[in-house]
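Observations on chain architecture
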Amino acid sequence: MKFLYEKQTRRFYLFLVCICALQICILGICGIFQAQDVRRILVRRELGAASYLLEQDIPPALVASAWNHTEVTKAGETLLRTIGHTEDTPAYLMLLTEQTSIPLILVLLLAGTLFSAVILTGAAYFFRGRERLYEDAEKVILHYADNRFETHLPSGGTGALYRLFGSIEQLALSLQAKSEMEHRAKGFLKNMISNISHQLKTPLAALNMYMEIIAEEPGNEETVQDFSRKSIQSLERMERLIQSLLKMARLDTGSIIFEKRRCFASELAAQAVDDLLERARQEGKKILVEGDSKEQLYCDQEWTAEALGNLVKNALDHTEAGGTIRISWKRFPAVFRLSVEDNGRGIEQEDIHHIFKQFYRSSTSCDRQGAGLGLSLAKSIAEGQGGNLSVESRPGEGSIFRLILFTA
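Report on the accompanying structure. (Residues numbered from 1 in each chain as written. Predicted model: local features only at pLDDT ≥ 70, side-chain atom pairs only at ≥ 80, totals over all residues. Heavy atoms only, no water.)

**Quick look at unusual backbone geometry**
Of note, the phi angle at Asp-57 is positive, near 65 degrees, even though the residue is not glycine. Mapping Asp-57 onto the fold places it in the loop between α1 (7–55) and α2 (60–68). The exposed category is assigned to Asp-57, whose relative accessible area is 69%. With phi around 60 degrees, Asn-147 is a residue other than glycine that occupies positive phi space. (Helix = DSSP H or I, 4+ residues; strand = E, 2+ residues; numbered from the N terminus. Buried < 20%, exposed > 50% of the residue type's maximum accessible area, 1.4 Å probe, protein only.)

Here's what the structure looks like:
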């Protein structure tokens, strides 16, 4: 009986069983007392009849044999019919029946009324408890519908009702997760729009100024060329900024699926620095690649090259002319480590715990062109592949960034 698995239902069922058993016991006791009462009345009737017959000088032997006589005669039937003692005579007109049946009926009515009252009271208490449980569950479910998850349905019980509550709780958890995700998405979109507008403000203002200067001096070829070059640089900066923001948005929303495969570390490093070698040459800096060219790692090559390139770009931004940036790698039993080391200005201790935050730039940084997205993007790429990105630095001694990826 599966309905007995639920605690309250099982208690109510046991209550009914106990009441029924008690009723049977009480009725049995009443039957015993009633049988004794009937015997007492019959004995008194027999004593009265025997006494009357003896007073009429009927021989005692004849009186004694009359109580044991079972044969019915016509004369006997006629006599009893004459005095009104037949099977059709109403019970209330017969003294023996009146003395035995009416008390029994009264006892049964009283017992039935008492037990009915107890059962109805118990049933009312049970159903009232169920009604309160359903009302509380309805309130909680309405809260869930309004995206309010501070209260929960009853748990810990057994039976179909509590299994239903458990299923509703699982559904509520899914709704809560979806609601929180939507809330984060809205917050992320709001912050992203705010960041984009803030970051584009400076290059757009510069670009507008350059266009005004070019428009005011169209005949000055040197001025036109100079500010046209600056305009192109501003446009390139805006393009890099927008591309970085789009990449961060895709990573933060989880829409990127990293396609891991085996690739050579040397090819990865070459891909990462390909667009930065000319810049390093123009700024008088060196990019060195050191490591076993046969070593392979398991990663998404495109995105890992993006992360490694951002680390090299950050090193170029914070290294003076004549400085050196080294890219190296090493395999360990469980991980593969890519390192980017420079001998630049290093990172202040108050900044080192914040450099991976989006749009964070040190107040002492000399770099005013970067948007503060490169390191945050690199860390997101590393963590998206199950790895990690850390930094070790001392002011004036350079920095070492270590990108850790787990081996397949």
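**Describing the packing of helix α6 (residues 221–252) against helix α10 (residues 374–384)**
Packed helices, taken two at a time, are described by the angle their axes make and the gap between the axes. Look at α6 against α10: their axes get within 10 Å of each other, and the N-to-C directions meet at 30 degrees. The way α6 lies across α10 gives a crossing that is left-handed. When α6 is examined against α10, the residues Lys-247, Met-248, Leu-251 and Asp-252 are found in contact with a partner set consisting of Ser-376, Leu-377, Ser-380 and Ile-381. Grouping the amino acids of the contact of α6 with α10 by side-chain chemistry returns 4 nonpolar, 2 polar and 2 charged. (Axes fitted to C-alpha atoms, helices over the stretch in contact; angles between N-to-C directions. Left-handed = near helix turned anticlockwise from the far one by under 90°. Contact = heavy atoms within 4.5 Å. Nonpolar A, V, L, I, M, F, W, Y, C, P; charged D, E, K, R; others polar.)

**Notes on the packing of aromatic side chains**
Summed over all chains, the structure comprises 3 aromatic pairs. Judged by centre distance (6.3 Å) and plane angle (75 degrees), the rings of Phe-258 and Trp-303 are edge-to-face. Here the residue Phe-258 occupies a position in the loop between α6 and β1 (261–264), and Trp-303 occupies one in helix α9 (residues 301–317), the gap between them amounting to 45 residues. Residue class for Phe-258 comes out buried when judged on its relative accessible area of 17%. With a relative accessible area of 13%, Trp-303 lands in the buried category. Here the guanidinium or amino end of Lys-379 rests over the ring plane of Phe-356, the centre of that ring lying 4.9 Å away. (Phe/Tyr/Trp six-rings, centres within 6.5 Å; stacked < 30°, edge-to-face > 60°. Lys NZ or Arg CZ within 6 Å of the ring centre and 35° of its normal.)

**Considerations on the packing of α9 against α10**
Relative orientation of the contacting elements α9 and α10 amounts to 150 degrees, with a least axis distance of 9 Å. The angle between α9 and α10 falls in the class roughly antiparallel. As α9 runs across α10, the sense of the crossing is left-handed. Residues Trp-303, Thr-304, Glu-306, Ala-307, Asn-310, Leu-311 and Asn-314 of α9 form the contact with α10, whose own contacting residues are Gly-374, Leu-375, Leu-377, Ala-378 and Ile-381. Taken together, the residues of the contact of α9 with α10 break down into 7 nonpolar, 4 polar and 1 charged. (Parallel < 35°, antiparallel > 145°, perpendicular 65-115°, else oblique.)

**Points about the sheet that holds strand β2 (residues 286–290)**
Hydrogen bonds along the backbone pair up the strands of a sheet, which may run parallel or antiparallel. Ordered in space as β2-β4-β5-β7-β6, the 5 strands form an open sheet in which the pairing is mixed. At either margin of the open sheet sits one strand with a lone partner, and together these are β2 and β6 (388–394). Between one strand axis and the next, the sheet turns by 15 degrees as a mean value, whatever way the strands run. Both strand β4 (residues 324–331) and strand β5 (residues 335–342) contribute to a ladder of 7 bridges, which runs antiparallel. Paired with Ile-325 across the bridge in β5 is Asp-342. Taken strand by strand, α9 contacts β2, β4, β5, β6 and β7 (398–406), and its axis lies near 25 degrees from that of β5. In this fold α10 packs onto β6 and β7, with an angle of close to 140 degrees to the strand it touches most, β6. (Pairing = 2+ DSSP bridges.)

As far as function goes, none of this settles anything; it's purely spatial.
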